[in-house]
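# Commentary on secondary and tertiary structure
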Amino acid sequence: MTALNRVPSLMARAGTASALTIAAVGGSLVVPGFASDAAAATPATKALQIAASKKGSPYKYGATGPKRFDCSGLTLYAFKKAGKKLPRTAAQQYNKTRHISVKSRKAGDLVFFHSGSSSSSVYHVGIYAGKGKIWHAPKTGDVVKLQKLWTKSVWYGRVK
């Protein structure tokens, strides 16, 4: 009896098999209710990962990547790579998203900084990373980075 033929009887005796064991014999692991990382990743999750991958890229006003970014250029780039289209500026992006409450925010939502009560007062945008932090391209002389939110004067938007 070969090792491959013994696997079913060994698994039956053990009651379970590790993913490593299954992989070693060329099988696949199916877990009900569990999606693979690729299948589970939403465009927002992908955009967040793409933005994070640009950590350290220099800020440049008007830049939309792939090596330099301004704030809305980073969000535009990340969502485009994730399969979603956004307009160019932070204010335009705000107007294109579904507005959500702070309680409803999720990682991958956009965070809009504003100085007034109208959408024309939006001056900066980043991607919410969870735990009160955002990925963004802050300003001239800085780089794309993860940073704690520094103000409560923000609105949240979910890309449709």
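Preceding block: the structure.
Everything numeric here is computed off the predicted structure, so don't read it as measured data. (Residues numbered from 1 in each chain as written. Predicted model: local features only at pLDDT ≥ 70, side-chain atom pairs only at ≥ 80, totals over all residues. Heavy atoms only, no water.)

So, on to the packing of aromatic side chains. With the rule as written, the count across this model stands at six aromatic pairs. Ring geometry for Phe 113 against Tyr 123: centres 6.5 Å apart, planes inclined by 55°, an arrangement best described as tilted. With Phe 113 in strand β2 (residues 110-114) and Tyr 123 in strand β3 (residues 122-130), this residue pair connects regions lying 10 residues apart in the sequence. Pairwise contacts between aromatic rings join Tyr 94, Phe 112 and Trp 155 into one cluster. (Phe/Tyr/Trp six-rings, centres within 6.5 Å; stacked < 30°, edge-to-face > 60°. Helix = DSSP H or I, 4+ residues; strand = E, 2+ residues; numbered from the N terminus.)

The set of residues buried in helix α4 (residues 43-53) consists of Ala 44, Ala 47, Leu 48, Ile 50 and Ala 51. Each buried residue of α4 lies within a common arc of 165° when the element is viewed along its axis, so the set occupies one face. Close packing links the buried residues of α4 with α5 (71-81), β3 and β4 (133-136). (Buried < 20%, exposed > 50% of the residue type's maximum accessible area, 1.4 Å probe, protein only. Arc of directions from axis to C-beta. Contact = heavy atoms within 4.5 Å.)

As summarised here, the arrangement of the six strands in space is β1-β6-β2-β3-β4-β5, forming an open sheet in which the pairing is antiparallel. Sheet topology places β1 (98-100) and β5 (145-148) at the edges, where each strand pairs with a single neighbour. In this sheet, neighbouring strand axes are inclined to one another by 40° on average, regardless of whether the strands run parallel or antiparallel. Two strands pair when backbone bridges link them, and β3 and β4 are joined in this way by three bridges, in the antiparallel orientation. What sits directly across from Ile 127, in β4, is Trp 135. Sheet strands touched by α4: β3 and β4. Its angle to β3, the strand with the most contacts, is close to 105°. (Pairing = 2+ DSSP bridges. Axes fitted to C-alpha atoms, helices over the stretch in contact; angles between N-to-C directions.)

Quick look at the nonpolar core now. Formed by 27 residues in total, the largest nonpolar core has its most connected members in Phe 79, Leu 110 and Ile 127. Contributing elements (two or more residues each) for this core: α4, α5, α6 (90-96), β2 and β3. For this core, the element with the most residues is α5, which contributes six residues. Formed by eight residues, the second largest nonpolar core is a distinct cluster that contains Ile 100, Val 111, Ile 134 and Tyr 156. (Core = buried A, V, L, I, M, F, W, Y, C linked by side-chain atoms within 4.5 Å.)

It is worth stressing that arrangement in space is one thing and function is another; only the former is reported here.
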